[in-house]
Amino acid sequence: IAAALVAFPLHAQQPIRGFPRDALDAQVKREQIVRAVPRPDTLRDQLRILSEEPHEAGTERSHHLAELILARFKSYGLDAKIEQFEALMPRPITRTLEMIAPTKFVAKLKEPCIPEDKDSCDANQLPTFNAYSADGDITAPLVYVNYGIPADYKTLDSLGISVRGKIVIARYGASWRGIKPKVAAEHGAIGCIIYSDPKDDGYFVGDVYPKGSMRNADGVQRGSTMDMPTYPGDPLSPGWASEPGARKLPLSEVKTLEPIPVLPISYGDAQPLLAALTGPVAPEAWRGSLPITYHIGAGPATVHLVLKFDWQTRPLYDVVATIPGALSPDQLLVYGNHHDAWVNGANDPLSGQIALGETGRALGALLKTGWKPARTIILIAWDGEEWGLLGSTEWAEKHQAELQAGGVIYLNSDSNSRGWIEASGSHSLQTFFMQVARDITDPKTKRDVLSTYIDRKIAGSAASTPSPSGDVRPEEKPLPAADSARKILMGRDTSLVRRVATDSAMMRRLVAALQRPDTTFAISALGSGSDYSAFLDHVGIASANINYGGEGHDGFYHSIYDSFDAYRRFADTTWTYGVAEAQTTGTLLLRLADAPVLPFEFTNVVRTYRTYVDEIDKAAKKEPKTKNLDLSRVRASLDRMQQAADQYEMAIAPVTSMTNAKVKALWKQLEPVNLTLARAEQALTDPQGLEHREWYKHLIYAPGFYTGYGVKTMPGIREAVEDRPDVATAQREAARVAAALDRYTAAIDAAAQGLQQALRPTL
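Residues numbered from 1 in each chain as written. Predicted model: local features only at pLDDT ≥ 70, side-chain atom pairs only at ≥ 80, totals over all residues. Heavy atoms only, no water.

A. The sheet that holds strand 3 (residues 105-106), seen in detail. Sheet architecture is open: seven strands sit in the order 3-2-10-5-6-7-9, paired in mixed fashion. The sheet is open, and its two borders are formed by strand 3 and strand 9 (262-265), each paired with just one other strand. Summarising the sheet, strand 5 (residues 136-144) and strand 10 (residues 297-309) pair through seven bridges and their orientation is antiparallel. Paired with I138 across the strands is L305, a residue of strand 10. Against the sheet, helix 6 (residues 179-186) engages strand 6 (167-171), strand 7 (191-195) and strand 9, with an angle of about 150° to strand 7. (Pairing = 2+ DSSP bridges. Helix = DSSP H or I, 4+ residues; strand = E, 2+ residues; numbered from the N terminus. Contact = heavy atoms within 4.5 Å. Axes fitted to C-alpha atoms, helices over the stretch in contact; angles between N-to-C directions.)

Here you go:
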């Protein structure tokens, strides 16, 4: 019960973690200044300017966009510059796809201009292609492989269908696109075509563009197929920064390039290919919504695929704005969003980039009042994210030493739309994020963002919690209704707080309700797919990704139709969620910059990690090869971590009741504590990295080897159970995880002891 209440405190007076209570008025006033600056009209105007032309990485147009962002940062009074890197970014020279049997068909491989959307008619549009595909000129029978994930190949095996020597066609979805050619090649395929089925993001979902927001028959999803689960960043410089003159691997030694040609196409181009297949009718779960019967093949459809690339290294332009810290300048808060796009990129990434810009404008306004952050704030517009997290990875590798010495957090955003808050990251940040969500106003409901989030999760929940038999025992008071439970959670109904505090049965049932997965605020784990990867997975900095979204769907992702007009009509139509994003990130940075004690919290970490162990244990018992896996050492480590987390809560508790003057006087004594907290995440890393992919150092969070973007928690153990069952490997990885958890516990203990020593003379 105590652990749950730490995670979901009863906010009777809206405390802010890490701050004394008598510092809150001044902190809230600063936050109000920052939240008042972002404006819908500014967001709209900036999106129009930045999305005016295609600006893919490696081009002078990307450089021009970087210069626009640089000038904007400087106009806010921020110290800004461009840091230049370079990376292998091969552009297509030749793209041909034709069916030569049983009939002739030549794919258009072109998205047409739509008169209703002027941006779709821009010159310099990057052709439809998948980055880091192999060159090839191949002809072979076609096989339909559904989403092209490992489970689909098990189905093919059960049907006696081989893809060896064939070209596969897979639909987008169910995994990251780079997994599809990777798995196809492992099964002997010589080429891969990826198409967007209308069931997933086309007319099955809603009206297509320009009438609606879904992908039309000619829309194509560009995207990288770099093997990012091995390592992101410049393929030629894994682990070190790629700058002019730096060492580069020869292409023959690069591990992240696809071994076979791969090409994305529209469902308009895919339909004739799929319609020409015979063989078994596809299982029901494999069927899309094209007006055909879905067959698997192989053949008789035979296709000719030709791809050739220029394999050039091209420049990257990261825009870096720094606000130096006044008290602890070496403690770094980094917030980034990429600026490069496959074409115009209004939604991805510029909807996030304009919110970052408004955050910078708000911080600039606060600087003009005389405020200076205690810690250093760095805002960065990354280049090359779409190709494989290029700009962020090279920057993090270059600055790794200073990040590991004083990096507090990496905060990431990407695209932003309308809906509710979506947060993922290191679980030591969960309570911190919850408190910020509590204090931001939702543009639609006009209530706080946290209440909107919880409303969505508990919609339909019963107003009372039944006993194990299914009945509410008459001697127990009913659990407060959902709205009252939220008020307790938020600290807004002191009478209910007192009732819960004096009624142990009610307390137990309230805590049980709040702990249900669908009735609590929770951040999810990070996998990959955006610029946080280098910071969390390689450097070991506590990281988070945040945005608003979830309302509505769109199908213009990575197409020429990701335009200002499409965003204006179908995404954040009032620009108010861009305001909310800027208000949220501004508040996050202000609190992290000035908190006398960094607002990390570890009870959520323990609870979340226990669920990971339970999931792995359950999976292991179902697999004959791993049924004897012993996770007792990991569980024992978590038990010790729970004790340390409880002790830390006792150590930080006095900060709230101390005077601000006393706490500020202790800033230097608290600095070692804050550095210990900032560096704690690094304890969860291992210099040896994960098996077969040593670039990934974090032992708790990583993208799955066969999921790409999707996270695998405790990946060493989990993948040795789920993907390549081997009890010896799983046991060895469990020992590494337990050792990492013990290192993390030692950091928590050290922080608690440091707090007690620093605060003792004042208590």
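This is not the end of the story, as more comes after the structure.
B. Seen up close, the packing of helix 3 (residues 40-50) against helix 4 (residues 60-75). Contact geometry of helix 3 with helix 4 gives a least axis separation of 11 Å together with a crossing angle of 150°. Here helix 4 runs roughly antiparallel to helix 3, going by the angle between their axes. Where helix 3 approaches helix 4, its residues T42, Q46, I49 and L50 are matched on the opposing element by L65, L68, I69 and R72. Residues that form the contact of helix 3 with helix 4 fall into these classes: five nonpolar, two polar and one charged. (Parallel < 35°, antiparallel > 145°, perpendicular 65-115°, else oblique. Nonpolar A, V, L, I, M, F, W, Y, C, P; charged D, E, K, R; others polar.)

C. Local environment of the environment of S266. Along the chain, S266 turns up in the loop between strand 9 and helix 8 (267-275). Sequence-wise, S266 and A678 are 412 residues apart; in three dimensions their C-alpha atoms are separated by 46 Å. Those residues in contact with S266 that lie beyond four places of it in its chain are Y195, A217, D218, G219 and V220. Within the local environment of S266, its side chain forms a polar contact with the backbone nitrogen of D269, the two atoms lying 3.1 Å apart. (Polar contact = N/O pair within 3.5 Å; in protein donor to acceptor, adjacent residues only side chain to side chain.)

D. Structural detail: helix 2 (residues 24-36). Counted at 1.5 Å a residue, the expected span for helix 2 with its 13 residues is 18 Å, and the 18 Å between its end C-alpha atoms agrees. Where helix 2 is buried, its residues meet helix 9 (346-367) and helix 20 (576-594). (Expected span 1.5 Å × (residues − 1).)

E. Representation of the state of the cysteines. A full pass over the atoms with the stated rule returns one disulfide. There is a disulfide in this structure between C113 and C121, and the S-S distance comes to 1.7 Å. Between C113 and C121 the disulfide shows an S-S torsion of about 45°. By sign, it is right-handed. (Disulfide = S-S within 2.5 Å.)

F. Quick look at the sheet that holds strand 15 (residues 419-425). What the seven strands build is an open sheet, ordered 1-11-13-12-14-16-15; its pairing is mixed. Edge positions in the sheet fall to strand 1 (79-88) and strand 15, since each of these pairs with one other strand and no more. Taken over all neighbouring pairs, the strand axes of this sheet differ in orientation by 20° on average, direction set aside. Along the sheet face, helix 9 touches strand 11 (313-323), strand 12 (328-338) and strand 13 (375-382) and points at about 145° away from the line of strand 12.

G. Structural detail: the packing of aromatic side chains. Here the structure, examined in full by the defined rule, presents 29 aromatic pairs. Note on F602 and Y744: the rings are 5.8 Å apart at their centroids and 80° apart in plane angle, and the pair reads as edge-to-face. Within this pair, whereas F602 is found in the loop between helix 20 and helix 21 (603-622), its partner Y744 is found in helix 26 (residues 727-759), the two being separated by 142 residues in sequence. The exposure class assigned to F602 is buried, which follows from its relative accessible area of 2%. Through a chain of ring-to-ring contacts, three or more aromatic side chains come together here, namely F129, Y132, F309, W311, W342 and W387. Taking the ring centre of F705 as reference, the NZ or CZ of K182 above it sits at 3.4 Å. The positively charged end of K199 is found above the aromatic ring belonging to F204, 5.8 Å away from the centroid. (Phe/Tyr/Trp six-rings, centres within 6.5 Å; stacked < 30°, edge-to-face > 60°. Buried < 20%, exposed > 50% of the residue type's maximum accessible area, 1.4 Å probe, protein only. Lys NZ or Arg CZ within 6 Å of the ring centre and 35° of its normal.)

All we've got here are geometric facts, nothing functional implied.
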